[in-house]
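Spelled out, the chains give:
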Amino acid sequence: MLDELLLRMRGYSPHILQIDKRYPEAAVLVPITRSDEPEVVLTLRASGLSTHGGEVAFPGGRRDPEDADLVETALREAEEEIGLPPGLVEVVGPLSTLVSRHGIQVTPYVGLVPDFVEYKPNDGEIAAVFAVPLAFFRDDPREATHRIDYLGRSWYVPSYRYGEYKIWGLTAIMLVELVNLVFDDVHIDMHQPPEHFIKLT
């Protein structure tokens, strides 16, 4: 599966937004373990944070002026938030840029990481670090669908439940793009309305 991911990422052309000065830039790391059954590493953000508190997210944050590029942002933030040394990450490439509901341009970067990393969550920002098998999303086991009106069109975004964790919003959009890319037999369409959905405002 990892060989297939590497091959497909090299030939992939994600949608990268032109820099809009109205929106600050941010980057997240999408860590995937190097293992026979690859897992994607996620965080549960601390409940007291001013934005996205108590939500599941990939490690990441806003670009600092000192960051050479957004890859550096993603790696720096992953080290600060979950103690992931940048030297353990093989950055594969970007997924499509998204704009959060707080008006931040977010670019995800897929990176391969060893499956033996002992994560050290920053207590002020991260309540938990956990991993989900990438294959879990293959059958699209959604708990619900959220309609999000975004950039002039409607997106029908799955919300997943993995144990005690709810995975939804921008994080779910990133995962759907990744899963559609990796698995030949999967096409999760976020632009066709299902029979039932919940409209988010």
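A few points on the structure.

Basis of the calculations
- Residues numbered from 1 in each chain as written.
- Predicted model: local features only at pLDDT ≥ 70, side-chain atom pairs only at ≥ 80, totals over all residues.
- Heavy atoms only, no water.
- Helix = DSSP H or I, 4+ residues; strand = E, 2+ residues; numbered from the N terminus.
- Buried < 20%, exposed > 50% of the residue type's maximum accessible area, 1.4 Å probe, protein only.
- Contact = heavy atoms within 4.5 Å.
- Areas by Shrake-Rupley, 256 points an atom, 1.4 Å probe, with all protein chains shown as cover.
- Lys, Arg positive; Asp, Glu negative; His and termini not counted.
- Charge placed at Lys NZ, Arg CZ, Asp CG, Glu CD.
- Expected span 1.5 Å × (residues − 1).
- Pairing = 2+ DSSP bridges.
- Axes fitted to C-alpha atoms, helices over the stretch in contact; angles between N-to-C directions.
- Core = buried A, V, L, I, M, F, W, Y, C linked by side-chain atoms within 4.5 Å.
- Parallel < 35°, antiparallel > 145°, perpendicular 65-115°, else oblique.
- Nonpolar A, V, L, I, M, F, W, Y, C, P; charged D, E, K, R; others polar.

Our next topic: the overall build of the chain. Scanning the chain from N- to C-terminus turns up three helices and 12 strands. Seen through its principal axes, the chain has C-alpha atoms that stretch 45 × 40 × 35 Å. Expressed as a percentage of the 201 residues in the chain, the buried residues total 48%. Long-range contacts, defined as pairs at least 24 residues apart, comprise 65% of the intrachain contacts of the chain with a sequence gap of at least 6. Just so you have it, the chain exposes about 10200 Å², and 49% of that area is on carbon and sulfur atoms. Each charge sign in the chain was given a centre, from 18 positive and 32 negative side chains, and these centres are 7 Å apart.

On to helix H3 (residues 169-182). Look at H3: 20 Å from first C-alpha to last across 14 residues, which is about the 20 Å you get at 1.5 Å a residue. Most of H3 is tucked away: 12 of the 14 residues are buried. Among all positions of H3, only Gly169, Thr171, Ala172, Ile173, Met174, Leu175, Val176, Glu177, Leu178, Val179, Leu181 and Val182 are buried.

Let us now look at the sheet that holds strand S10 (residues 153-162). Pairing is mixed across the open sheet formed by four strands, whose spatial order is S11-S10-S9-S12. Every interior strand has two partners, whereas the edge strands, strand S11 (165-167) and strand S12 (198-199), have only one. The sheet contact formed by strand S9 (residues 144-150) and S10 spans seven bridges and is antiparallel. Across the sheet, residue Arg147 finds its bridge partner in S10, namely Tyr156. Contacts from H3 reach S10 and S11, with the element oriented near 90 degrees to S10.

Glancing now at the environment of Ala57. Take Ala57: it is sitting in strand S3 (residues 56-57). Since its relative accessible area comes to 13%, Ala57 is described here as buried.

What follows covers the nonpolar core. One recurring pattern in soluble globular proteins is that nonpolar side chains are buried together. Among the nonpolar cores identified, the biggest contains 45 residues, and Leu5, Val110 and Leu178 are the most heavily contacted of them. Top contributing element to this core by residue count: H3, with nine residues. Aside from chain neighbours lying at most four places away, what touches Leu178 is Leu5, Val30, Ile32, Leu95, Val110 and Leu134.

Moving on, we get to the pairing of strand S1 (residues 25-34). With nine of 10 residues buried, S1 is to be regarded as a mostly interior element. For S1 and strand S4 (residues 60-62), the ladder comprises three bridges, and the chain directions are antiparallel. What sits directly across from Val28, in S4, is Gly60.

Okay, unusual backbone geometry next. The backbone phi angle of Asp140 is positive, close to 50 degrees, even though this residue is not glycine. Relative to the helices and strands, Asp140 is located in the loop between strand S8 (126-133) and S9.

At their nearest, the axes of helix H1 (residues 2-10) and H3 sit 9 Å apart, and the two run at 105 degrees to each other. Comparing the axis directions of H1 and H3 gives the class roughly perpendicular. Only Leu178, Leu181 and Val182 of H3 make contact with H1, whose side of the interface consists of Glu4, Leu5, Arg8 and Met9. The residue inventory of the contact of H1 with H3, partitioned by class, reads five nonpolar, no polar and two charged.

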